[in-house]
Amino acid sequence: MKLQLKKIRVLPVLVLFAATTPIFAATTPDKSTALLPDSPAPAWTKSSFMNDLLSAVENDGYEYALSLYDSVPSKYQSDTELQIIKASLLLSTNKLNDAKKICTSLLTKDSRNTEVLALAATVAKAQGNKTEWNKYIKEIIAIDPYNAEANISLGENEFTRKQYKQSRLYFQKALVHDPKNLDALFGVGRTSYYLEDDDKATATFKKILDINPEYAPAYSYLGKIAAANEEYQIASNYAKEAVARDDSNYDYVMDYGMFERNLGHFETAEKAWTTAISIDPTYFLAYAYRAGLYDEYNMYTNALNDYLMVIKTNPSYYFAYESIGILYIHEKEWKKAREAFEKCYEYNKTNISYPLMITYCYYMAKDSLNAKKFSDSVLRKLDRSSMDYAILRVFHDLAGEAPLIQKIGTLTNSNQKGKMYFYIGLLYDMIGGKEAANKYYMEVVNLNSPMFFEYRIAEWSVGDLKYVK
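Just so you know, these numbers come straight off a predicted model, no measurement behind them.

Peer 1: Can you break down the nonpolar core residue by residue, with the values?
Peer 2: Counting 108 residues, the largest nonpolar core has Met357 and Phe395 as its most contacted members. If one sorts the elements of this core by residue count, helix α23 (residues 414–430) sits on top with 9 residues. Formed by 40 residues, the second largest nonpolar core is a distinct cluster that contains Phe49, Tyr69, Ala120 and Tyr170.

So, in structure tokens, the structure goes:
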């Protein structure tokens, strides 16, 4: 049994009551052998004490288990096995300094005890002392180069540093003497996934499931691998298996929704992301995914509500402000749209789209004074020979677009050309030239997957005309 608190990982070598098999037997006396009321109390024994500890941990908690040490006779006060358990209990109750004192004392008696070294390393890690953690792990490796838990710890450390090749080597060393160690196998599988070694990753995760068919993370990664190869039905099946084994895992539910979305299953994807929101309503990602789904299916009110939750839970995710601005434009809420694009501009001063959209919103709100004042403040900072300056100058003046249209026609980058044509269309739309506007909007909607957010306004504007070349 591992003693843990607040996800502090106690190394598996610290199995509570190791090598004390008899204590796991039932200890309730038979009625025929029950002590009579006047019978003397049984003598203290180590095995009975460890039975009491086990019962206390399972039924009363770590603090109560620690209080039982007050009854330990003086001759057993320094017993190594009991002290290791006590240090583990202290670690699990976050009494790190006390746990460290016991480890230091035990290592004074036997500096090569790998179980104590592992516990000391865990305490050091919990205290954020990387130097001591590294020292103890190296000492374990010096004594036992293939020690599973020490190598797993080193592998995890390298994984957090994104050193996946070195991380995998440590996990593989952990398997030398413990080939069925699930933590080590998972480490090999996960590092192989990030190294894009899909064959090894797949084989490793399937081996894990042969050992333990209930190991949810293995199903999750098999799903990710299938999705990377665009095998979405297989990916969805694996993700569903992961969720079935851990339905409170945010990532598993998010992946299942994404794979179902790729299969075109709108309702299942929506339900999955709604479930993810219920699991963690403070995290932005499920709102963003569900918003995109609603947006695609023209459920604009729902989409807008979710995008607003995105920025509430993650104010720095400025891409959501783009969608909020566009949706408010669709509703002709010019002030709210402008405020959304102002947020975009705060986060990204180099994208000319944002000053253009802000200027447009001012004009549409009949506030030409601030439209010119704002656009002028941006123009002062731009290179006068640039395309960005030219298009914003036209918006500032509401005139002078003819030379710019000719210049746009010479652009070779289709996305840049399409984006500039969009703003010419938006200009004509703004000043009442609907037919001319549609001509340039068509240049946008006829692009293959344009890489700029504004194209949606063009789609809304031309409506059914968008399929006409």
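Peer 1: Can you tell me about the packing of aromatic side chains, naming the residues and giving the values?
Peer 2: One pass over the full model with this rule turns up 33 aromatic pairs. With a centroid separation of 6.5 Å and 45° between ring planes, the pair formed by Tyr362 and Phe374 is classed as tilted. Of the two residues, Tyr362 sits in helix α19 (residues 353–364) while Phe374 sits in helix α20 (residues 368–379), which places them 12 residues apart along the sequence. For Tyr362, a relative accessible area of 12% corresponds to the buried category. Overall, the relative accessible area of 17% leaves Phe374 in the buried class.

Peer 1: Explain empty space enclosed by the protein to me, using residue names and the numbers behind them.
Peer 2: Scanning the model with the defined rule gives 1 cavity of 30 Å³ or more in all. When its volume is computed, the largest cavity comes out at roughly 40 Å³. Lining the largest cavity are Lys100, Cys103, Thr104, Ala120, Val123, Ala124, Gln127, Glu132 and Tyr136. Of all the elements in the fold, those that place two or more residues in the lining of the largest cavity are α4 (96–109), α5 (114–126) and α6 (130–143). Considered class by class, the residues forming the lining of the largest cavity number 5 nonpolar, 2 polar and 2 charged.

Peer 1: Give me helix α21 (residues 387–397): which residues, what numbers.
Peer 2: The periodicity of an α-helix, 3.6 residues per turn, causes residues three or four places apart in sequence to face the same way. Those residues of α21 that fall on the buried side of the exposure criterion are Met387, Tyr389, Ile391, Leu392, Val394, Phe395 and His396. If you follow the buried residues of α21, they end up packed against α19, α20, α22 (402–409) and α23. After α21 finishes, the residue Leu398 shows a positive phi value of roughly 55°.

Peer 1: An account of unusual backbone geometry is needed here, citing residue identities and associated values.
Peer 2: The phi torsion at Lys162 lies on the positive side, around 60°, for a residue other than glycine. Structurally, Lys162 is set in the loop between α7 (148–160) and α8 (164–174).

Peer 1: Could you give me a rundown of the pattern of salt bridges, with the residues and numbers involved?
Peer 2: What the rule picks out here adds up to 19 salt bridges. As a salt-bridge pair, Lys100 and Glu132 come within 3.2 Å of each other at their nearest N and O atoms. Within this pair, whereas Lys100 is found in helix α4, its partner Glu132 is found in helix α6, the two being separated by 32 residues in sequence. Linking Lys224 and Asp255 is a salt bridge whose minimum nitrogen-to-oxygen distance equals 2.7 Å. With Lys224 in helix α11 (residues 216–228) and Asp255 in helix α13 (residues 250–262), this residue pair connects regions lying 31 residues apart in the sequence. Owing to a relative accessible area of 10%, Asp255 belongs among the buried residues under this scheme. Put simply, Lys46, Asp79 and Glu81 are held in one network by salt bridges that share partners.

Peer 1: Describe in detail the packing of helix α17 (residues 318–330) against helix α25 (residues 455–462), supporting the description with residues and values.
Peer 2: Interhelical geometry of α17 versus α25 gives an angle of 20° and a closest axis separation of 10 Å. Classed by the angle they form, the pair α17 and α25 counts as roughly parallel. By crossing handedness, the relation of α17 to α25 is classed as right-handed. On α25, the residues that touch Ile326, Leu327, Ile329 and His330 of α17 are Arg456, Ile457 and Trp460.

Peer 1: Describe the layout of surface pockets, listing the residues and the values that go with them.
Peer 2: Over the atoms, a rolled probe matching the size of one water molecule traces out where space is still vacant. Taken as a whole, the largest pocket spans an internal volume of roughly 690 Å³. As for the largest pocket, its lining consists of 25 residues, of which Asp295, Tyr307, Ser323, Tyr455 and Arg456 are closest to the centre. Of all the elements in the fold, those that place two or more residues in the lining of the largest pocket are α15 (285–296), α16 (300–313), α17 and α25. Residue classes in the lining of the largest pocket are distributed as 15 nonpolar, 4 polar and 6 charged.

Each value, and the rule that gives it
- Residues numbered from 1 in each chain as written.
- Predicted model: local features only at pLDDT ≥ 70, side-chain atom pairs only at ≥ 80, totals over all residues.
- Heavy atoms only, no water.
- Core = buried A, V, L, I, M, F, W, Y, C linked by side-chain atoms within 4.5 Å.
- Buried < 20%, exposed > 50% of the residue type's maximum accessible area, 1.4 Å probe, protein only.
- Helix = DSSP H or I, 4+ residues; strand = E, 2+ residues; numbered from the N terminus.
- Phe/Tyr/Trp six-rings, centres within 6.5 Å; stacked < 30°, edge-to-face > 60°.
- 1 Å grid on protein atoms, 1.4 Å probe; cavity = no way out; pocket = protein on both sides within 12 Å on 5 of 7 lines; lining within 4 Å.
- Points joined across faces, edges and corners; volume = space filled by probe spheres on them.
- Nonpolar A, V, L, I, M, F, W, Y, C, P; charged D, E, K, R; others polar.
- Contact = heavy atoms within 4.5 Å.
- Salt bridge = Lys/Arg side-chain N within 4 Å of Asp/Glu carboxyl O.
- Axes fitted to C-alpha atoms, helices over the stretch in contact; angles between N-to-C directions.
- Parallel < 35°, antiparallel > 145°, perpendicular 65-115°, else oblique.
- Left-handed = near helix turned anticlockwise from the far one by under 90°.

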